[in-house]
Amino acid sequence: MGRRWRLPAGPRPKLVSLRTTFAVSFAAVTAAVTILVGILSYNSAARLVRVDQQSVFTQVVQDVRDEVRQHPMGPDDFSSSRPGHDLVRPARTDVQVLGAQGQIMDHGSPVLPVTSRDRDMALARTAGRVVEHKDVRVDADLFRIATVSLGHRRGAVQVAQEFSDTEDLLRALQQRTLILMAAVVVAAGLFGWWLARRITRRLVVLTSAAEDVARTRQLGIQVPVAGLDEVGRLGRAFDRMLGRLAQSEEDQRRLVQDAGHELRTPLTSLRTNISLLRRIDELPPATREDLVADLSQEARELTDLVNELVDLAAGQSDGEPPQRVDIADLAEDVVGLARRRTGRDVVLHTAGDTTTDGRPGMLQRAISNLVENAAKFDRDGKAPIEVSVTGPARPGTVRVEVLDRGPGIAEGDLVRIFDRFYRAADARSLPGSGLGLSIVREVAMAHGGAPFAFRREGGGAVIGFTVGGGYLPGGTGA
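Remember, predicted model here, so these are calculated numbers, not experimental data.

Okay, the overall build of the protein next. Helices and strands together make up the secondary structure of the protein, namely eight helices and twelve strands. With 478 residues in all, the protein has 38% of them scored as buried. Here the analysis covers contacts within the protein between residues at least 6 apart in sequence; of these, 64% occur between residues at least 24 apart. A total accessible area of about 28400 Å² is found for the protein, and carbon and sulfur atoms account for 55% of it.

Structure representation (structure tokens):
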């Protein structure tokens, strides 16, 4: 005996709900997009501010250079006490004037540092020369400074721009951007949770219904799911599936109950006759022959009943694949077999296009049951049994009829002859189980059609079925 191996029991994986997964995913995507947009926006804004400040400073320096090149100017011309000095003193710009020796003649606010290079500009002979200093710290502020020579050793003008305020502004913008990004991420998480709850609410209903079915094995649970989206379609499909399963379970239950009821009679009779076999030596010869004949007949009827039950069950779960089939060809095979079995004259009439989609084995079984039923009830008839296959009354529809000249069907029995195990009062003395026409009904309804029966003018009956344009798994007929 082989050794059985078991996998080591590990920790059970923690279940994560779809709602949580959706909310976290939504928040993560939103956070990634928000951070990316925030960084790009901040960098773009910072670049624009810095470029704008640099452009302003460059323009101020260029204006000073143009002024000293075009007009001979001295340090007094740029004195803060001289009218017109504000032309070179725009907002956030400081101006400091140097004398010929580089000394401060008019200090700025704050006082700007003077280097040797600045003193060289004050002693320069050419007007408009420039030396620049970047990131110069004055007190607690940061400046960029440009020193422009006045020419002819008359001195120089220092133009400074404070950009520490700009950096402070950008830092404030950065903080606000981070706060806004955090708020957007939190809001996205809450909105994602709300949206996930709204979307998955119907899925939760479906899950609860499925769990209830698995726990209680009750298939009649209603699934209250609405909507036209995929979840709504899933809910309706799940509800239809439960309905089909419930109907299938009910059909199986009724089949077992009906079969048990019908099997009791022949089995009881068979058991009674078998008990008589113990005293067969005591019975007269004529009684012995009747007993053996009864046993043979009962065994035959029991065999027929079991076969028809198998056929009925197979008709409900037939594994034969649907295909394009010509019902007239199937009827021709049935007619030929019936002629050989019964010795009766069986005539086939066909008209129109008799091809359709279906399972040929099921359809042939239904036609054969109709012909056998006609031969059984018209056993001593002289008129031929007629089989008619016509189509189409509408696209894909085929009609099959079997006509006989037997005793006919009572008006009250017409609506019940397709019920399982139902047998008319005048037919109970004939062999049979009452399942043949029930199989016909199952086959017709599975193929989108329906059975029918009516009294034939001049005597006899017309029994048949329609096939409505293809095999319908679990179909219930038209």
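It is worth spelling out the nonpolar core at this point. Formed by 37 residues in total, the largest nonpolar core has its most connected members in Ile327, Leu363, Ile367, Ile463 and Phe465. Going through the elements one at a time, α6 (327–342), α7 (360–377), β9 (385–391), β10 (397–404), α8 (436–446) and β12 (461–468) are the ones with two or more residues in this core. For this core, the element with the most residues is α7, which contributes eight residues. Every residue in contact with phenylalanine 465, bar those within four places of it in the chain, is listed here: Leu363, Ala366, Ile367, Leu370, Val398, Arg399, Val400, Val440, Ala444, Ala450, Pro451 and Phe452. Counting residues in each nonpolar core, the second largest holds 14 residues, with Phe57, Val148, Leu150 and Val159 among its members.

On to the confidence of the model for the protein, then. Of the residues in the protein, 80% reach a pLDDT of 70 or more, and the chain-wide mean stands at 77. Mean pLDDT values over the elements of the protein span from 71, in helix α5 (residues 285–316), up to 92, in strand β7 (residues 346–352). For residues 1–10, every residue scores under 50 in pLDDT, and the model assigns this stretch zero contacts once sequence neighbours within four places are set aside. Note that residues 471–478 has pLDDT below 50 and, in this model, 21 contacts with residues that lie over four places away or in other chains.

With an omega of 5°, the peptide bond between serine 109 and proline 110 qualifies as cis. Mapped onto the elements of the fold, proline 110 is located in the loop between β2 (104–106) and α2 (116–122). Of the consecutive residues glycine 391 and proline 392, the connecting peptide bond is found in the cis state with omega at -10°. Summarising the element assignment, proline 392 is placed in the loop between β9 and β10. Backbone geometry at histidine 152 places phi at a positive 55°, although glycine is not the residue there. Relative to the elements of secondary structure, histidine 152 occurs in the loop between β4 (141–149) and β5 (156–162). At arginine 153, a residue that is not glycine, the phi angle is positive and equals roughly 55°.

Another aspect to go through is the UniProt feature "transmembrane region" (unreviewed entry) in the protein. Using the residue numbers shown here, the UniProt feature "transmembrane region" (unreviewed entry) corresponds to residues 20–40 and 178–196. Taken end to end, residues 20–40 comprises 100% helix and 0% strand; its first and last C-alpha atoms sit 30 Å apart.

Our focus in this paragraph is the pattern of salt bridges. Where charged atoms from two side chains of opposite charge come close, those side chains can pair. All chains considered together, the criterion is met by four salt bridges. One salt bridge in this structure joins arginine 324 and aspartate 357, with 3.2 Å as the shortest N-O distance. With arginine 324 in strand β6 (residues 323–326) and aspartate 357 in strand β8 (residues 355–358), the pair connects residues that are 33 residues apart, well separated along the chain. Aspartate 357 sits in the partly exposed class, given a relative accessible area of 32%.

Backbone hydrogen bonds are what pair the strands of a sheet, in a parallel or an antiparallel way. Strand order in the open sheet formed by five strands is β7-β9-β10-β12-β11, and the pairing between neighbours is mixed. This sheet does not close on itself; its edge strands, each paired only once, are β7 and β11 (451–455). Mean inter-strand twist for the sheet, computed between neighbouring axes without regard to direction, equals 15°. Relative to β10, β9 runs antiparallel, the two being bridged by five bridges. Bridge assignment links threonine 390 to a residue of β10, and that residue is arginine 399. In the packing of α6 onto the sheet, contacts are made with β7, β9, β10 and β12, and the angle to β7 comes to roughly 175°. Sitting on the sheet, α8 is in contact with β11 and β12, with an inclination near 25° to β12.

Here the focus is the side chain of arginine 441. Within the secondary structure layout, arginine 441 lies in helix α8. By relative accessible area, arginine 441 is classed as buried at 18%. A polar side-chain atom of arginine 441 sits 3.5 Å from a polar atom in the side chain of glutamate 442.

Following both chains from N to C, one finds α6 and α7 inclined at 40°, their axes separated by 9 Å at the closest point. As judged from the angle between their axes, α6 and α7 are oblique. Viewed along their axes, α6 and α7 form a crossing whose handedness is right-handed. Together, Ile327, Leu330, Ala331, Asp333, Val334, Ala338, Arg341 and Thr342 of α6 and Pro360, Leu363, Gln364, Ile367, Ser368, Val371, Glu372 and Ala375 of α7 make up the contact between the two elements. Each residue belonging to the contact of α6 with α7 can be placed in one class, and the counts come to ten nonpolar, three polar and three charged.

Strand order in the open sheet formed by five strands is β2-β1-β5-β4-β3, with antiparallel pairing between adjacent strands. Of all strands in the sheet, those with a lone pairing partner are β2 and β3 (130–138), marking the two edges. Strand-to-strand twist of the sheet, defined as the mean angle between neighbouring strand axes without regard to direction, takes the value 30°. Direction of pairing for β4 relative to β5: antiparallel, over a ladder of seven bridges. When the sheet's bridge partners are listed, phenylalanine 143 is paired in β5 with glutamate 162.

Reading the values: the criteria
- Residues take numbers from 1 onward in each chain, read along the sequence in its written order.
- The predicted nature of this model means local features are confined to residues of pLDDT at least 70 and side-chain atom pairs, given and counted, to a pLDDT of 80 or more, with totals for whole chains, interfaces and linings taken over all residues.
- In computing side-chain properties, one takes all heavy atoms of the structure into account and sets aside hydrogens as well as water.
- Where helices and strands are cited, they refer to DSSP runs of H or I of at least four residues and of E of at least two residues respectively, numbered from the N terminus.
- When a residue's accessible area, from a 1.4 Å probe over protein chains only, is under 20% of the maximum for its type it is buried; when over 50% it is exposed; and in between it is partly exposed.
- Only heavy atoms matter for contacts: two residues are in contact if any of them lie within 4.5 Å across the pair.
- Exposure was quantified through the Shrake-Rupley algorithm and a 1.4 Å probe, taking into account, for residues, occlusion by the shown protein chains and nothing else.
- We define the nonpolar core as a collection of buried residues of types Ala, Val, Leu, Ile, Met, Phe, Trp, Tyr and Cys that are connected through side-chain atoms lying within 4.5 Å of one another.
- A score from 0 to 100, pLDDT tells how confident the predictor is in each residue.
- UniProt positions are given in the numbering used here, feature names are shortened, and annotations may be inferred rather than shown by experiment.
- Salt bridges are defined as contacts in which a side-chain nitrogen from Lys or Arg sits within 4 Å of a carboxyl oxygen from Asp or Glu.
- Pairs of strands are assigned from DSSP output, requiring at least two bridges between the strands.
- Here the axes come from fitting lines to C-alpha atoms, over the contacting stretch only for helices, and the angles between their N-to-C directions go from 0 to 180 degrees.
- Under this definition, polar contacts are N or O atom pairs within 3.5 Å; protein pairs additionally need one hydrogen-donor-capable and one acceptor-capable atom, and for neighbouring residues in sequence, both atoms have to be side-chain atoms.
- By the definition adopted for this analysis, an angle is roughly parallel if under 35 degrees, roughly antiparallel if over 145, roughly perpendicular if from 65 to 115, and oblique otherwise.
- By convention, the crossing between two helices is left-handed when the near helix turns anticlockwise from the far helix through less than a right angle, and right-handed when the turn is clockwise.
- Three classes are used, and their members are as follows: Ala, Val, Leu, Ile, Met, Phe, Trp, Tyr, Cys and Pro are nonpolar, Asp, Glu, Lys and Arg are charged, and the others, Gly among them, are polar.

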